[in-house]
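Notes for the structure review
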Amino acid sequence: PPGRAVLLQLDADELWTPAQLRAAWGLLQPQGESASTAGDGSDSNDGPRCAYFHCHFLVGPQLATTTGYGHSHAYEWLRMW
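Residues numbered from 1 in each chain as written. Predicted model: local features only at pLDDT ≥ 70, side-chain atom pairs only at ≥ 80, totals over all residues. Heavy atoms only, no water.

1. Brief notes about the nonpolar core
Soluble, globular proteins show a tendency: their nonpolar side chains are buried together. Counting five residues, the largest nonpolar core is built from Ala24, Leu28, Ala51, Phe53 and Met80. When sequence neighbours within four positions are dropped, the list of residues in contact with alanine 51 reads Trp77, Leu78, Arg79 and Met80. (Core = buried A, V, L, I, M, F, W, Y, C linked by side-chain atoms within 4.5 Å. Buried < 20%, exposed > 50% of the residue type's maximum accessible area, 1.4 Å probe, protein only. Contact = heavy atoms within 4.5 Å.)

See the structure below:
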C-alpha cells in the first residue's frame, strides 16, 4: 500500500534473490487485527518492527560457514526496520 516502507541494509558483497527480498519485505507487514485487541484502541495492525538475518560467509570455492563464525547471534545482523 502507499506510504508503507521497509528499510533493509544490504552490503555490496551480499547475494539476495528477488524472492528473498519479497519474503523479507513480507516479514514486517501488518498481520491484521487479532480478536484480543479488536476495539481496545490499540494499533492492532502493528507487526514486527525489525528483523535479524543470519549470515553465511563464503570463504572459498564451494565453502561457506554455517555456524557463528565471527559474529554473535545475540546482537548482530539486525538488518531490517
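2. Let's talk about the side chain of glutamine 29
With respect to the helices and strands, glutamine 29 occurs in the loop between α1 (18-27) and β1 (51-52). Beyond its immediate chain neighbours, meaning those up to four positions away, glutamine 29 contacts Arg4 and Val6. (Helix = DSSP H or I, 4+ residues; strand = E, 2+ residues; numbered from the N terminus.)

3. Regarding unusual backbone geometry
Positive phi, normally seen in glycine, also occurs at glutamine 62, with a value near 55°. Among the structural elements, glutamine 62 can be located in the loop between β2 (58-60) and β3 (63-64). Residue classification places glutamine 62 among the exposed residues on the basis of a relative accessible area of 87%.

4. Brief notes about the environment of histidine 56
Here histidine 56 lies in the loop between β1 and β2. On the basis of relative accessibility, which here comes to 44%, the residue histidine 56 falls in the partly exposed class. Setting aside residues no more than four positions away along its own chain, histidine 56 makes contact with Thr65 and Thr66.

5. Here's the deal with the packing of aromatic side chains
Across all of its chains, the model carries one aromatic pair by this definition. Aromatic side chains tryptophan 16 and phenylalanine 53 sit 5.5 Å apart centroid to centroid with 75° between the ring planes, which places their arrangement in the edge-to-face category. Of the two residues, tryptophan 16 sits in the segment before α1 while phenylalanine 53 sits in the loop between β1 and β2, which places them 37 residues apart along the sequence. Since its relative accessible area comes to 27%, tryptophan 16 is described here as partly exposed. Overall, phenylalanine 53 belongs to the buried group, its relative accessible area being 19%. (Phe/Tyr/Trp six-rings, centres within 6.5 Å; stacked < 30°, edge-to-face > 60°.)

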